[in-house]
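# A structural walkthrough
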Amino acid sequence: MTPRDRFVVANRLTLHLLEWSARGPLVLLLHGFLEHAHGWDLVAPRLAGAGFRVLALDWRGHGDSGWVGAGGYYHFADYAADLGALVRALGERVALVGHSMGASAALVYAGTEPARVSALACVD
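Residues numbered from 1 in each chain as written. Predicted model: local features only at pLDDT ≥ 70, side-chain atom pairs only at ≥ 80, totals over all residues. Heavy atoms only, no water.

### Things to note about the pairing of strand β3 (residues 26-30)
Of all the five residues making up β3, five are buried; the element is thus mostly covered by neighbouring parts of the structure. Every second residue of β3 is oriented toward a common face, with Leu26, Leu28 and Leu30 on one face and Val27 and Leu29 on the other, all of them buried. Pairing of β3 with strand β4 (residues 53-58) involves five bridges; the strand directions are parallel. In the strand pairing of β4, Leu29 is matched with Ala56. Crossover connection from β3 via helix α1 (residues 44-49) to parallel β4: handedness right-handed. (Buried < 20%, exposed > 50% of the residue type's maximum accessible area, 1.4 Å probe, protein only. Helix = DSSP H or I, 4+ residues; strand = E, 2+ residues; numbered from the N terminus. Pairing = 2+ DSSP bridges. Right-handed = clockwise from strand over helix to strand, strands pointing away.)

### Notes on helix α3 (residues 101-112)
Between its first and last C-alpha atoms α3 spans 17 Å; for 12 residues at 1.5 Å apiece the expected length is 16 Å, and the two agree. Against β3, α2 (76-90), β5 (94-99) and β6 (117-123) lie the buried residues of α3. (Expected span 1.5 Å × (residues − 1). Contact = heavy atoms within 4.5 Å.)

### Some thoughts on unusual backbone geometry
You will see that Asn11, though not glycine, has its phi angle at about 60°, which is positive. Tracing the backbone shows Asn11 in the loop between β1 (4-10) and β2 (13-19). You will see that Ser100, though not glycine, has its phi angle at about 55°, which is positive. Here Ser100 is to be found in the loop between β5 and α3.

### Some words on α2
In this model α2 runs 21 Å from its N-terminal to its C-terminal C-alpha over 15 residues, within 8% of the 21 Å that 1.5 Å per residue would give. Every buried residue of α2 is listed here: Tyr79, Ala80, Asp82, Leu83, Gly84, Ala85, Leu86, Val87 and Leu90. Buried residues along α2 sit in contact with β1, β2, β3, β4, β5 and α3. A positive backbone phi angle near 75° is found at Gly91, which sits one or two residues after α2.

### What about the nonpolar core?
Counting residues in hydrophobic clusters, the biggest one holds 26 residues, and the most contacted among them are Leu28, Leu30, Leu57, Trp59, Leu83, Leu86 and Leu96. Of all elements in the fold, only β1, β2, β3, β4, α2, β5 and α3 reach the threshold of two or more residues within this core. Here this core takes seven residues from α2, the largest share from any one element. Once you skip the residues sitting within four places of it in the chain, Leu30 turns out to touch Trp40, Leu57, Trp59, Leu83, Leu96, Val97, Gly98, His99, Gly102 and Ala106. Core analysis: the next-biggest nonpolar cluster, separate from the first, contains 12 residues, Leu18, Val54, Ala56 and Val97 among them. (Core = buried A, V, L, I, M, F, W, Y, C linked by side-chain atoms within 4.5 Å.)

### Concerning the packing of aromatic side chains
Any two aromatic rings considered together are summarised by their centre-to-centre distance and by the angle between their planes. The full count for this structure, using the stated rule, is two aromatic pairs. Here a set of aromatic residues connected by ring pairs shows up, and it is made of Trp59, Phe76 and Tyr79. (Phe/Tyr/Trp six-rings, centres within 6.5 Å; stacked < 30°, edge-to-face > 60°.)

Remember, this is a structural readout, not a statement about activity or role.
Take a look at the structure:
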């Protein structure tokens, strides 16, 4: 199964996502530091095959997402703000699966907007 590239403008950055399936409850996969969305290439097709809509994010400054210019930040609060803007742009509740840095940002986000999170799994 080959994912489709998707781009969403969120929090003033163009964020890149890989989409394996467009139907079913949304699962958003969040990679760790110095990784990228393709880190989920072995997991995502299995979730899509189980009936989930599966997206994997390239965080700011990673993979094919936008980089922050001079004076910008790469802190957990910024990742959580990006995630919040992305989830709002997607327009539905989301199950978050985060690895390492992605898990930390998912925890911060889930604590700030718990009504938008249907489930949370943190892998470290």
